[in-house]
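These are the residues of each chain, in order.
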Amino acid sequence: MMGTEPSHAWRPDGVAKVTGQLRYLTDLRFPGMLVGKVLRSAHPHARILRIDTSQAEQLPGVHAVLTHRDVPGMNRFGIVLPDQPVFCEDRVRFVGDALCAVAADSADIAEAALRLVHVVYDPLPVVADPLAALAPDAPRLHPGGNLLHRVSHRTGETEAAFARCAAIVEETYDTPRQMHTYLETEGGVAVPDGDGGITVYMATQHGYRDRSQLARILALPEDRIRVVSSPIGGSFGGKDELNVQPYAALLALATGRPVQVHQTRTESVISGLKRHPMRIWMKTGTDADGHLLAHQVRIVADTGAYATLGPAVLDFAVEHAVGPYRIPCVDIDGQSVYTNNGVSGEFRGFGGNQVTFALEGQMDRLAERLGLDPWELRRRNLRRADDLGPLGQRVVPTDGALQVLEAVRQSRLWPGGRGAPAHAGSAGHCGRVQEPEAAGTDASVGGDARPWERLGTGMALCMHGCGLGFGRPDPAGGRLALTPDGKLELAFGLEEIGQGLLAVIARAAGDAIGCAPEDLRLTVGDTAAVPASGSTTASRATHVVYHAVRRLAAAWKPKVLAEAAEVLGVRLDDLRLGPGGVWWQAGPARDGAAVQTAEGLSSARAGGAGPCLTWRALAAALAPNLPTAEVAFHFPVTPDAVPGAHTLYTFAGVVVRVAVDLCTGRVRVLGVDQAVAAGPVVYPLGYAGQIEGGNAMGIGFALLENAAMADGRYQVANLDRYLVPTIADVPAHVGVNALEELPPGDMFGPRGVGEIGTVAVAPAIAAAVHDAVGHFVRGLPISPEEILAATTERAQPGSR
């Protein structure tokens, strides 16, 4: 459980993190704790003929060796479709498949025991290409075949619309298998309670859902399982699904002792989730004036060996394949395909990153074909505030698309940009942005080009749905209580992943209740101590906290004030809540308004310098019947029955300046401006951090990262060959422009920004590369060899 009493308004857990005092779940140690290890498959696809664990069982220091025979409940897990074995019985489908687990006195002994497990395989043909997997004669990886999920969306007569087009662009785009690369790899400790129950201290983005899945595996009632899931050393979606929790829990119950399982980086690479690689074909057409008429899309997503959230990722990709544009005739079809590659699943952006790269590439190609400015082409086709959603569903009106497009034109990086202040509304200073010194583009932002480099500037837009979408359980809620020691405890079934959730709760509580940060006790990530609040995914947590705290305050404050008035013997209207407790309402002192003096009670009259009744004193006076409020509600959803469709959207406009090295083909990002329309900012520092961090992840997606596979085997095993952006790759100029204005009457408040900062960075970089060297890229990460070949070809006499 992560219980924190904020001592600083900005980041309640900040001091503990930067001083190294915060104990992550992988830091926990318990008396008698054993170490668990998991044996993974030696083949990407094979029958299992025999598993012999006898030698491992006899090794001194080994306390348990488990296989599928030792799973008391369902030997499967998976959020959408439980198709992944805890331990494989007769077949392995990827190199991360688990065959057995060992608990031993030390990691060295556990690893030695794994080497003594003898597995006899019968290798099967490897299905590594999702397109080949769809062939009628492809080996069937699951009983239902290799097609996990298919979804389509069509409106209008697309072929007839293409016949009327003056300009048509057709292209195929490829996106990579990106790793989450969190600092803390999967792990934690499972501790049996001695009475058949268990506590699992392991990171997840939805503790209650983990508890449900573990209950099926362990054959235990859910109330016998406690999941403690915060704090977390990074996730980005990668720890949303079960990973090593079943193995630690099974080993702990088998041995009757605490068992720690903590994956090495190589183990994480082999078994962990990745971003879906996608092949996306798009055909898009406009009339002679640049108005979009027709858009055809085909998506093939490599979901790997098992489903996890693959169907939902594909649904999201199809929904966002038209982006923030008005296109009358659309024909979209998506397929998510099983292969023997590593499992693809939930990742920040959730399918939006891939289709946005393709869609924005189409817009830039059309702009060139038509001789239009890329900004102007987007303006002519931009969705309006009261338009229906991308799937024809009703959505919450917003002018966010136009807001971010206008902000792009104001960017100092955009040619002719007027250098508008980078911090709109009341967000405060949300990013490291130098204020503009003069109108027009500032070529010095991010540094000048070297003689062998060419500068380029590009832009991209995106929209991003918040929440899980129609037809998917998306509960929200929280609890507020006065504790016996005089704290205001706010409890949420959400997780602190490093995103600043605790600070959001503290800020929201200060605004709604009027309390001080030191008055609060924040409790998250413990199924034994918090109500259900849904998953910490889908850019939903800030919205949930904001509305839950407002509802809690509305229910709790009148109750507390009434109780305080009775304790003090005064009228309810004389009191208000404030820092430290109950205060007199502002105004002149009344005759006879002195308060009885006791521990924590002040004899101050109205207008005094402190509370007339501290929280501790109020708790002592009311014990044991302390005021509590709890709320439960559903995340906003469209009223139209369109599976997976969203009703709340955020928008972003990204401008990037790059320098392309003509000698090496490498791309250097000099500056990035992001304008984000997501409603009111609750926690400015966290808002900026999300966008800046998402920007770095987007740079990695565009330029560096690909967990390449060959014949079902990873070609990288550690971070020595899988490169992520370092401080040297992230530009000094990262502007964050928070556009907070919402339409009059909007009741929905802040939308989440946990994902949108990643989505449009890659297409903006690709556009900037084209601006620099005249070459359109169609695959990520952008290959230096491709850029070199393109620039060399263009330098030849007679080339364009």
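Since this is a predicted model, take the numbers as computed values, not measurements.

Caption draft 1: Structural view of the nonpolar core. By size, the foremost hydrophobic cluster in this structure holds 90 residues, and its most contacted members are Ile299, Val658, Tyr687, Ile765 and Val769. Per element, the largest residue contribution to this core is 9 residues, and it comes from helix α18 (residues 761–773). Residues within four places of Val658 in sequence aside, it is in contact with Arg454, Leu455, Gly456, Val667, Arg668, Val669, Leu670, Ile765, Ala768 and Val769. If you look at the next biggest cluster of nonpolar residues, it comprises 56 residues, including Ala512, Leu552, Val570 and Ala617.

Caption draft 2: Focus on the pattern of salt bridges. Taken as a whole and assessed by the stated rule, the structure comprises 35 salt bridges. The shortest N-O distance in the salt bridge between Arg778 and Glu171 comes to 3.9 Å. Taken together, the residues Arg778 in the loop between α18 and α19 (784–795) and Glu171 in strand β11 (residues 167–175) connect sequence positions 607 residues apart. Overall, Glu171 belongs to the partly exposed group, its relative accessible area being 23%. The partner of Glu453 in a salt bridge is Arg450, and the shortest N-O contact between them spans 3.4 Å. Under the relative-accessibility criterion, Glu453 is labelled buried at 5%. One connected set of salt bridges, linked through shared partners, spans Glu171, Asp174, Arg279, Arg365 and Arg778.

Caption draft 3: Structural context of the sheet that holds strand β25 (residues 613–614). Across the sheet, which stays open at both edges, the 3 strands sit in the order β23-β24-β25 with antiparallel pairing between neighbours. The open sheet has two free edges, formed respectively by β23 (575–578) and β25, since each of these has just one partner strand. In the sheet, β23 pairs with strand β24 (residues 581–584) via 4 bridges, with the strands oriented antiparallel. Counted as the bridge partner of Arg576 is Trp583 from β24. Packed onto the sheet, helix α14 (residues 541–568) meets β23, β24 and β25 and runs at close to 120 degrees relative to β23.

Caption draft 4: Representation of the packing of aromatic side chains within the structure. Throughout the structure, instances matching the rule amount to 6 aromatic pairs. Sitting over the ring of Tyr182, Lys239 keeps its end group 4.4 Å from the ring centre. Directly above the ring of Phe701 sits Arg275, whose terminal nitrogen or CZ lies 5.2 Å from the centroid.

Caption draft 5: Main features of the confidence of the model for the protein chain. For the protein chain, per-residue confidence averages 92 on the pLDDT scale, and 92% of positions sit at 70 or higher. This model gives residues 420–441 a pLDDT under 50, and the stretch forms 64 contacts once residues within four places in sequence are excluded.

Caption draft 6: Fine view of the environment of Ala509. Of note, Ala509 is situated in helix α13 (residues 501–513). Put simply, Ala509 and Leu488 are 21 residues apart on the chain and 9.6 Å apart in space, counted from C-alpha to C-alpha. Contacts of Ala509, omitting those with residues within four sequence positions, involve Leu490, Gly514, Cys515, Leu520 and Val549.

Caption draft 7: Molecular detail of the sheet that holds strand β28 (residues 667–677). On the basis of which strands lie adjacent, the open sheet formed by 4 strands has the order β19-β27-β28-β31 and mixed pairing. The sheet is open, and its two borders are formed by β19 (453–465) and β31 (733–739), each paired with just one other strand. For this sheet, the mean angle separating the axes of adjacent strands, direction not counted, is 15 degrees. Here β19 runs beside strand β27 (residues 649–661); their pairing, made up of 13 bridges, is antiparallel. Bridging across to β27, Leu461 finds its partner in Gly653.

Thresholds applied
Residues numbered from 1 in each chain as written. Predicted model: local features only at pLDDT ≥ 70, side-chain atom pairs only at ≥ 80, totals over all residues. Heavy atoms only, no water. Core = buried A, V, L, I, M, F, W, Y, C linked by side-chain atoms within 4.5 Å. Buried < 20%, exposed > 50% of the residue type's maximum accessible area, 1.4 Å probe, protein only. Helix = DSSP H or I, 4+ residues; strand = E, 2+ residues; numbered from the N terminus. Contact = heavy atoms within 4.5 Å. Salt bridge = Lys/Arg side-chain N within 4 Å of Asp/Glu carboxyl O. Pairing = 2+ DSSP bridges. Axes fitted to C-alpha atoms, helices over the stretch in contact; angles between N-to-C directions. Phe/Tyr/Trp six-rings, centres within 6.5 Å; stacked < 30°, edge-to-face > 60°. Lys NZ or Arg CZ within 6 Å of the ring centre and 35° of its normal. pLDDT = per-residue confidence, 0-100.

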